[in-house]
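# Remarks on the overall topology
Residues per chain, in single letters:
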Amino acid sequence: MPETEQDKLAVVEKLIEAFNKPDFAALEEILAEDIVFSHKNKGMEGSGREQLISNIKMMNDAFPGRTITATKRGAVVGDVVFREAEWGGTAAVDVPGFAKAGEKAHLDTMTIFVIRDGRIHEWSDFG
């Protein structure tokens, strides 16, 4: 049975919930093993679920309690989900390009996800 738009949006919401907790076991279930990911204007690119989760853990250590907000605007076209939201947190350490220790960081983001078979295969952030 083909995935509906609602199915794809539900995968993204599960991802956001797991990211914000953080729940790394849930992230492993949601992210495809061969995921391709990037944060275009922060110079971060990579591939593979293990590498992405490692990056998320590193950012969680640098910004404990960081969150992604609920979707402001979004759209689904085929396998692609477009999502506008905000990311924010307080730096525990100096993070070049984001914030110095103790400073709050905030990003308005546009994210593009490619979802197939209930998993995220591509994750590209802009903002």
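Refer to the structure printed above.
Attention in this report is confined to the structure presented alongside it. Worth saying up front: this structure is predicted, and the values here are computed from it rather than measured. For every chain, the first residue of the written sequence is number 1, and numbering continues from 1 along that sequence. Only residues with pLDDT of 70 or above have their local features reported here, since the model is predicted, and side-chain atom pairs are shown and tallied only from 80 upward, although totals for entire chains, interfaces and linings are computed over all residues. The side-chain numbers reported here are obtained from all heavy atoms of the structure, hydrogens and water having been left aside.

## Section: the side chain of H121
Here is the rule: Per the convention used, a helix needs a DSSP run of H or I reaching at least four residues, while a strand needs a run of E reaching at least two, with both numbered from the N terminus. Buried means the residue's accessible area, taken with a 1.4 Å probe over protein chains only, is under 20% of the maximum for its type, while exposed means over 50%, and partly exposed covers the values in between. Counting of polar contacts relies on pairs of N or O atoms within 3.5 Å, with two restrictions inside protein: one atom must be capable of donating a hydrogen and the other of accepting it, and residues adjacent in sequence are counted only when both atoms are side-chain atoms.
Summarising the element assignment, H121 is placed in strand β7 (residues 119-126). Assessed through its relative accessible area of 15%, H121 is described here as buried. Looking at H121, its side chain comes within polar contact range of the main-chain oxygen of R116, at 3.3 Å.

## A few points about the pairing of strand β5 (residues 80-90)
Counted only if it meets this: Strand pairing is defined by DSSP finding a minimum of two bridges between the two strands.
Judged from the 2 bridges that link them, strand β3 (residues 67-68) and β5 form a sheet pairing that is antiparallel. Bridging from a neighbouring strand, T67 pairs with G88 of β5. Judged from the 5 bridges that link them, strand β4 (residues 73-77) and β5 form a sheet pairing that is antiparallel. Within β5, the position partnered with A75 by the bridge is F82. Counted between consecutive antiparallel strands, the loop separating β4 from β5 contains 2 residues, among which G78 sits at a positive phi close to 60°. The pairing of β5 with strand β6 (residues 104-116) spans 11 bridges and is classified as antiparallel. Bridge pairing links G89 to A105 in β6.

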